Amino acid sequence: MMKRQFWLIGIVLLAVLSACRSKSDGPTDTYSSGVISIAADESFEPIIQEEIDVFESLYPLAGIVPRYTTEVEAINLLLKDSVRLAIATRTLTEEEMNSFHSRKFFPREIKLATDGLALIVNRGNPDSLLSVRDFSRILTGEAKNWKEINPNSPLKSIQVVFDNKNSSTVRYTMDSICDGKPLATDNVSALKTNQQVIKYVAENPGAMGVIGVNWLGNRSDTTNLSFTEEIRVMAVSAEDVATPANSYKPYQAYLYYGNYPLARPIYALLNDPRSGLPWGFASFMTSDKGQRIILKSGLVPATQPVRIVHVKDE
């Protein structure tokens with residue numbers, strides 16, 4: 001680890017010195033060498049970090065410095081030309097595209113994978129099923145107690161926690177689950193990271209967390225058929241009333257076939273007219289090796305044919 005850190009510091013210093021010698025030449029990276037910064041929604045840190053580690057092992061002269069932040073900030077960094085590659089769950093808006101076009105830039109939007117939002121609860125919570133309709137009621141404050149979801153629940157108030165108020169997770173729930181309605185302020189809050197959400201839910205019986213699926217992986221299970229043991233993952237139904245027969249957990253197979261209702265895409269937003277290292281890394285993520293990393297993480301690759309293991313819910 002120390003050796004890699006010293007190597008990366010050396011690469012960064014060389015890049016800085018090169019930039020100081022000739023600022024007018026612009027970026028000095030190539031398709032497979034140099035040092036760049038990228039921005040990524042923090043929801044995807046585990047999978048993006050693995051992509052970076054493999055890419056750098058294949059191309060020793062390349063250094064990818066990730067900035068894991070909110071989706072809002074990641075896209076803002078791309079708009080300000082602070083980075084040339086951002087990972088997000090949406091494409092650019094018409095206004096954002098026009099901003100690039102006015103500066104003679106023509107960014108690309110490349111789908112990388114299909115992800116899902118996972119609803120997690122404390123292991124002491126007996127509720128394991130939830131409909132999208134009831135999830136919306138909870139988010140908007142219409143339902144504030146577990147008994148309003150399940151009359152037999154021994155728990156009282158529901159505390160919903162997100163990773164960050166500006167994350168893609170919050171935007172998705174407001175746009176796709178709540179139809180643009182604001183989230184409740186008394187029982188819905190945001191922390192800073194997905195790891196903090198998992199920790200909070202594990203320690204609070206009445207809590208419900210909303211996190212990215214790739215944070216759930218059980219590293220000891222290569223089949224992606226089990227989740228981390230710290231918390232419980234709820235099965236979600238697109239029907240108004242959730243039953244064991246119509247509810248699904250965010251397993252890879254259910255994301256692939258469209259059974260899991262809280263699915264969302266992941267995009268690489270690329271503004272790299274010189275076809276340098278951002279292009280190289282984005283191309284790697286859509287290549288056979290890069291897509292296999294996505295498959296291994298439990299998400300659904302966008303370009304790689306996949307063999308899905310069928311599962312039977314508990």
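Residues numbered from 1 in each chain as written. Predicted model: local features only at pLDDT ≥ 70, side-chain atom pairs only at ≥ 80, totals over all residues. Heavy atoms only, no water.

Under an unreviewed UniProt entry, the protein has the name Substrate-binding domain-containing protein and belongs to Bacteroides faecis.

*Asks:* Which parts of the structure should I look at to understand helix α10 (residues 288–297)?
*Replies:* Side chains three or four residues apart in an α-helix point the same way, a direct result of the helix having 3.6 residues per turn. Along α10, the residues that are buried comprise Gly290, Gln291, Ile293, Ile294, Leu295 and Ser297. Buried residues in α10 make contact with α2 (45–58), β4 (108–121), α8 (252–257), α9 (277–286) and β13 (300–301). Looking one or two residues beyond α10, the residue adopting positive phi is Gly298, at roughly 100 degrees. (Buried < 20%, exposed > 50% of the residue type's maximum accessible area, 1.4 Å probe, protein only. Helix = DSSP H or I, 4+ residues; strand = E, 2+ residues; numbered from the N terminus. Contact = heavy atoms within 4.5 Å.)

*Asks:* Help me out: how do you make sense of the pairing of strand β1 (residues 34–41) in this one?
*Replies:* Note: β1 against strand β2 (residues 62–69), eight bridges, orientation parallel. The residue bridging Ala39 from the neighbouring strand is Arg67, located in β2. Note: β1 against strand β3 (residues 85–88), two bridges, orientation parallel. Looking at the pairing, Ala39 lines up with Ala86 of β3. (Pairing = 2+ DSSP bridges.)

*Asks:* Teacher, can you tell me more about the packing of α2 against α10 here?
*Replies:* Where α2 contacts α10, the two axes come as close as 10 Å, and the packing angle between them is 145 degrees. In this structure, α2 crosses over α10, and the sense of that crossing is right-handed. Packed against α2, whose contacting residues are Ile47, Glu50, Glu51, Val54 and Leu58, the element α10 presents Lys289, Gly290, Ile293, Ile294, Lys296 and Ser297 at the interface. Residue composition of the contact of α2 with α10, by class: five nonpolar, two polar and four charged. (Axes fitted to C-alpha atoms, helices over the stretch in contact; angles between N-to-C directions. Left-handed = near helix turned anticlockwise from the far one by under 90°. Nonpolar A, V, L, I, M, F, W, Y, C, P; charged D, E, K, R; others polar.)

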